[in-house]
Amino acid sequence: MIRSVKLEDAQGMVPLMEALGYPSSKNQIKNRLQSIVSQKHYQTYVYEVNNELLGMIGMIFSEAYHTDEPHVRVIAFVVLEKEQGKGIGKMLMEKAGEWAVTNGAKTIMLNSGNRSERKKAHEIYHSFGFEGRATGFYKRL
């Protein structure tokens, strides 16, 4: 079942963040969620079966300087490896699309690393209708 995330999901999100490549403690995730769930421009959905979180998608709605069309940026998207290939990611992405349209977004964007281990993810994004059109740049402050 897909539903909005709750603060009580912090423990269940630990393996999801690990699978995404960002090991985090329950307390770290809970602190992040406290900030995120209180902001209307953010939305996080989880996929839960038998009280276990198998996947999640987190996003933010944004206006833009370069266009009149607002967009949604996917910040985190993951399905546990043992559950991949069952359509969970597709369902989460469709739910994200519904939220984006409801909020007036015209585009969904996401970044994904250019590392070889991300090749499978890139193929999945293409199958969802995404185009690879940009390169991200990051500077640590």
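It should be noted that the structure appears before, not after, this text.
Rules and cut-offs
One numbering rule holds for all chains: residues counted from 1, following each sequence as written. Per-residue local features of the predicted model are confined to residues with pLDDT of at least 70, and side-chain atom pairs are confined, for both listing and counting, to 80 or more; whole-chain, interface and lining totals are unaffected and use all residues. Hydrogens and water are ignored here; the side-chain numbers use all heavy atoms of the structure. For Phe, Tyr and Trp, rings pair up if their centres lie within 6.5 Å, where Trp contributes its six-membered ring, and each pair is then called stacked (planes under 30 degrees apart), edge-to-face (over 60) or tilted (otherwise). For every residue, the accessible area (1.4 Å probe, protein chains only) is compared with the maximum for its type, and the residue is labelled buried under 20%, exposed over 50%, or partly exposed between those bounds. Helix and strand assignments follow DSSP, with helices taken as H or I runs no shorter than four residues and strands as E runs no shorter than two, numbered in order from the N terminus. The contact criterion used throughout is that any non-hydrogen atoms of two residues lie within 4.5 Å. With axes taken as lines fitted to C-alpha atoms, and helix axes fitted only over the stretch in contact, angles between N-to-C directions fall between 0 and 180 degrees. Any angle that falls under 35 degrees is termed roughly parallel, while one over 145 is termed roughly antiparallel, one within 65 to 115 roughly perpendicular, and all others oblique. Any residue outside Ala, Val, Leu, Ile, Met, Phe, Trp, Tyr, Cys, Pro, Asp, Glu, Lys and Arg is labelled polar, Gly included; the first ten of those are nonpolar and the last four are charged. Here, the arc refers to the directions that run from the helix axis to the C-beta atoms.

(A) Fine view of the packing of aromatic side chains. Scanning the model with the defined rule gives 3 aromatic pairs in all. A centroid spacing of 6.4 Å and a plane angle of 65° characterise the contact between Tyr125 and Phe130, whose relative ring orientation is edge-to-face. The buried category is assigned to Tyr125, whose relative accessible area is 9%. Its relative accessible area of 17% is what places Phe130 among the buried residues. Each member of the aromatic cluster is reached from another via a ring pair, and the members are Phe77, Tyr125, Phe128 and Phe130.

(B) How the structure looks around the side chain of His71. Relative to the elements of secondary structure, His71 occurs in strand β4 (residues 71–79). In this view, His71 contacts Ile60, Phe61, Ser62, Glu63, Ala64, Ala105, Thr107 and Met109; residues no more than four positions away in its chain are not counted.

(C) Quick look at the packing of helix α1 (residues 10–20) against helix α2 (residues 26–37). In the contact formed by α1 and α2, the axes pass within 8 Å of each other and the chain directions differ by 105°. By the angle class used here, α1 and α2 are roughly perpendicular. Touching Ala10, Gln11, Met13, Val14 and Met17 of α1 are Lys26, Ile29, Lys30 and Leu33, all from α2. In terms of residue class, the contact of α1 with α2 is built from 6 nonpolar, 1 polar and 2 charged.

(D) Summary view of α1. Buried residues of α1: Ala10, Met13, Leu16 and Met17, and no others. Down the axis of α1, the buried set is contained in an arc of 100°. They therefore lie on one face. Residues of α1 that are buried make contact with α2, β3 (52–62) and β4.

(E) Structural view of the environment of Glu83. Along the polypeptide, Glu83 turns up in the loop between β4 and α3 (88–102). If near-sequence neighbours (up to four positions away) are discounted, Glu83 is found in contact with Leu54 and Ile88.

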